[in-house]
Every structure is written in structure tokens, then in C-alpha cells.
Amino acid sequence: MTSSTNDSPLTHFDVGGQAHMVDVAGKEVTLRVARAGGRITMLPTTLALIRAGNAQKGDVLGIARIAAIQASKQTAQLIPLCHPLPLTRVAVAFEIDEAASAVAIEVTAETLARTGVEMEALTAATVGLLTIYDMCKAADRGMRISEVRLLEKKGGKSGHFKADEGT
């Protein structure tokens, strides 16, 4: 049997290099908050359909919001080594950028737990953008999803992280 302690910054591997679920039993339960975002760029005509709310499949941003929230709750089933977390709040906001012909998503996820909620926020942002793509692909197969990233995290031993605006 290999030890689960590891000096590597890649905490999901033990000293023998085997993947394992990180032991969080010794960590304190604290409020954990993470914000993640991304964007989808599209043709101006596709953006107009989304803005008007009359896309063929309905309210694109409303459905994408629900999909993002649902995805956050399924993260442990999708990412093999994630701990299932009791989410206390998930908020999804969209911003339409006419000049870039894009929609930006920002997701805030919160939990009271022993481990962070970054993966839930990132999963939610990604699935929200994928839902926009799915709902609009009949009008625009060339849409591009980009810039999915962690924007901020708070709570836990590693402290506060905030992404630089330019990165």
C-alpha cells in the first residue's frame, strides 16, 4: 500500500504516482466561494436572436442559466476526483457584449465544506456556454467558446485568489 502523503503540488497523486481522492478530513469546514467565467463569440445575427429572446429553441440565456446551475450540482459525477459538495448558493450572470458579438458568463458558487468549490463554478460556466452553443448551433456552427477560467476563490487554507484582469 502506498502512502497518501505527497510533496508534489499535484495533490491528486500519491507518492507512488497513483491517482487518489485528496483526504480532506483534517481540514476545517469554512465558507468557500469561487467565481468562474468565460465567453462565447458568435455572428452578430446569432447574438440578435439571443437578445430578442426568439431563438428557435426559446429563451437561450434562461435555459443556459438553469443548465449551469444543474451542472454545478453534478460536478462530482463528471470530474472523477472531485468531492461531492453541498452547495449553498449558485448564481449565474450573463453580459452581452455587442461590440465583440459575444456573451460572457460569470458563475458564483458557494459551500460550507472542507474543500473548495472552484470545480463547481468552472463546470457551471462551461456547461452554460455549451448550452448557448447547443441552442444556437442551427444558426451559427462557428461560435467559439473561450476564456473559461477561475476568476476568484475565497476560503480554506490556501487563502484568497483573484485572477489578474489581463490573464
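Every value quoted in this text rests on a predicted model; they were computed, and no experiment measured them.

**Q** Honestly, the overall build of the protein in this entry has me stumped. Any pointers?
**A** When helices and strands are counted, the protein shows four helices and five strands. Its helices and strands taken in sequence order, the protein reads β-α-α-α-β-β-α-β-β from the N to the C terminus. The proportion of buried residues among the 167 residues of the protein is 38%. When contacts within the protein are restricted to residue pairs at least 6 apart in sequence, those whose partners lie at least 24 apart make up 68%. Entry remark: accessible area of the protein is about 9500 Å², with carbon and sulfur atoms responsible for 56%.

**Q** Help me out: how do you make sense of the side chain of T46 in this one?
**A** In this fold, T46 is placed in helix α1 (residues 44–52). Leaving out residues up to four positions away in the same chain, T46 has contacts with C136, A139, D140 and M143.

**Q** What should I look at first to understand the sheet that holds strand β3 (residues 102–113) in this one?
**A** Sheets are built from strands that pair by backbone hydrogen bonding, the pairs being arranged parallel or antiparallel. Taking strand neighbours across the sheet as the criterion, the five strands line up as β2-β3-β1-β4-β5 in an open arrangement whose pairing is antiparallel. Both outer strands of the open sheet, β2 (87–97) and β5 (161–162), are each paired with one neighbouring strand and no more. Bridge count for strand β1 (residues 30–41) against β3 is 12 bridges, and the pairing is antiparallel. In the strand pairing of β3, V33 is matched with E110. Against the sheet, helix α4 (residues 118–136) touches β1, β2, β3 and β4 (144–154), its axis set at about 25° to β1.

**Q** How do you make sense of the layout of surface pockets when you look at a structure like this?
**A** It is a probe the size of a water molecule, rolled over the atoms, that shows where empty space is left. Estimates place the volume of the second largest pocket at around 400 Å³. In this structure, the second largest pocket is lined by 18 residues; those nearest its centre are G37, I105, E106, R149 and L151. Mapped by element, the contributors of at least two residues to the lining of the second largest pocket are β1, β2, β3 and β4. Partitioning the lining of the second largest pocket into residue classes produces six nonpolar, three polar and nine charged.

**Q** Before we go on, may I ask you to explain the pattern of salt bridges in this structure?
**A** A pair can form between side chains of opposite charge whenever their charged atoms are brought close. Counting across every chain of the model gives seven salt bridges. E110 is paired through a salt bridge with R89; the nearest N and O atoms lie 3.1 Å apart. Note that E110 is positioned in strand β3 and R89 in strand β2, a separation of 21 residues in sequence. With relative accessibility at 17%, the residue E110 sits in the buried group. Overall, the relative accessible area of 38% leaves R89 in the partly exposed class.

The rules behind the values
- Residues numbered from 1 in each chain as written.
- Predicted model: local features only at pLDDT ≥ 70, side-chain atom pairs only at ≥ 80, totals over all residues.
- Heavy atoms only, no water.
- Helix = DSSP H or I, 4+ residues; strand = E, 2+ residues; numbered from the N terminus.
- Buried < 20%, exposed > 50% of the residue type's maximum accessible area, 1.4 Å probe, protein only.
- Contact = heavy atoms within 4.5 Å.
- Areas by Shrake-Rupley, 256 points an atom, 1.4 Å probe, with all protein chains shown as cover.
- Pairing = 2+ DSSP bridges.
- Axes fitted to C-alpha atoms, helices over the stretch in contact; angles between N-to-C directions.
- 1 Å grid on protein atoms, 1.4 Å probe; cavity = no way out; pocket = protein on both sides within 12 Å on 5 of 7 lines; lining within 4 Å.
- Points joined across faces, edges and corners; volume = space filled by probe spheres on them.
- Nonpolar A, V, L, I, M, F, W, Y, C, P; charged D, E, K, R; others polar.
- Salt bridge = Lys/Arg side-chain N within 4 Å of Asp/Glu carboxyl O.

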